[in-house]
Amino acid sequence: MTDRNQAAASSDHDSPWKEALERYFPDFLALLFPHIHAEIDWTRGHSFLDKELQRIVRDAETGRRYADKLVAVARRDGSPAWVLVHVEVQGEPEAAQRPAHVRLQPSA
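So, here is what we can say about the structure in this document.

1. Regarding the packing of aromatic side chains
No. 1: Counted under the stated rule, the structure contains three aromatic pairs.
No. 2: Plain terms: the ring middles of Phe25 and Trp42 are 5.9 Å apart, the flat faces sit at 65 degrees to each other, and that makes the pair edge-to-face. Pair noted here: Phe25 is in helix 2 (residues 25-32) and Trp42 is in the loop between helix 3 (34-37) and strand 1 (47-48), with a separation of 17 residues, a long-range link.
No. 3: According to the relative accessible area criterion, Phe25 is buried, its value standing at 1%.
No. 4: Ring plane angle 75 degrees and centroid distance 5.7 Å describe the contact between Phe25 and Phe48, whose orientation is recorded as edge-to-face. Separated by 23 residues along the polypeptide, Phe25 in helix 2 and Phe48 in strand 1 bring together distant segments of the chain.
No. 5: One aromatic cluster is present, formed by Phe25, Trp42 and Phe48 through successive ring pairs.

Spelled out as structure tokens, the structure:
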């Protein structure tokens, strides 16, 4: 398999994770990061900032196996914040030992 084919195959593995994170984002946080879920005012909605994240993180064409999402939310006090979700897709032995990381930060 060529490097290009390997990168495409890796990308295909990332896509379902990204779609699942989008579809089940509130449930994902409630299950795995309840303290962050509790700080968000879910009645105000949330939006995914994929284009903004791509401008910040340039990891294309490296065969990355991450499902990264940057999400704009509102805290319970009404202040805007971002949630950065970084999940390493399981399948590589070294990746299997690293947990998901989620950070809630005030948006600038």
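2. A closer look at the nonpolar core
No. 1: Residues Phe25, Phe28, Leu29, Val73, Val83, Val85 and Val102 are the most contacted members of the largest nonpolar core, which totals 14 residues.
No. 2: Of all elements in the fold, only helix 2, strand 2 (66-74) and strand 3 (80-88) reach the threshold of two or more residues within this core.
No. 3: Per-element tally for this core: the top contributor is strand 3, with four residues.

About the thresholds
Residues numbered from 1 in each chain as written. Predicted model: local features only at pLDDT ≥ 70, side-chain atom pairs only at ≥ 80, totals over all residues. Heavy atoms only, no water. Phe/Tyr/Trp six-rings, centres within 6.5 Å; stacked < 30°, edge-to-face > 60°. Helix = DSSP H or I, 4+ residues; strand = E, 2+ residues; numbered from the N terminus. Buried < 20%, exposed > 50% of the residue type's maximum accessible area, 1.4 Å probe, protein only. Core = buried A, V, L, I, M, F, W, Y, C linked by side-chain atoms within 4.5 Å.

So yeah, pure geometry; function would need other evidence.
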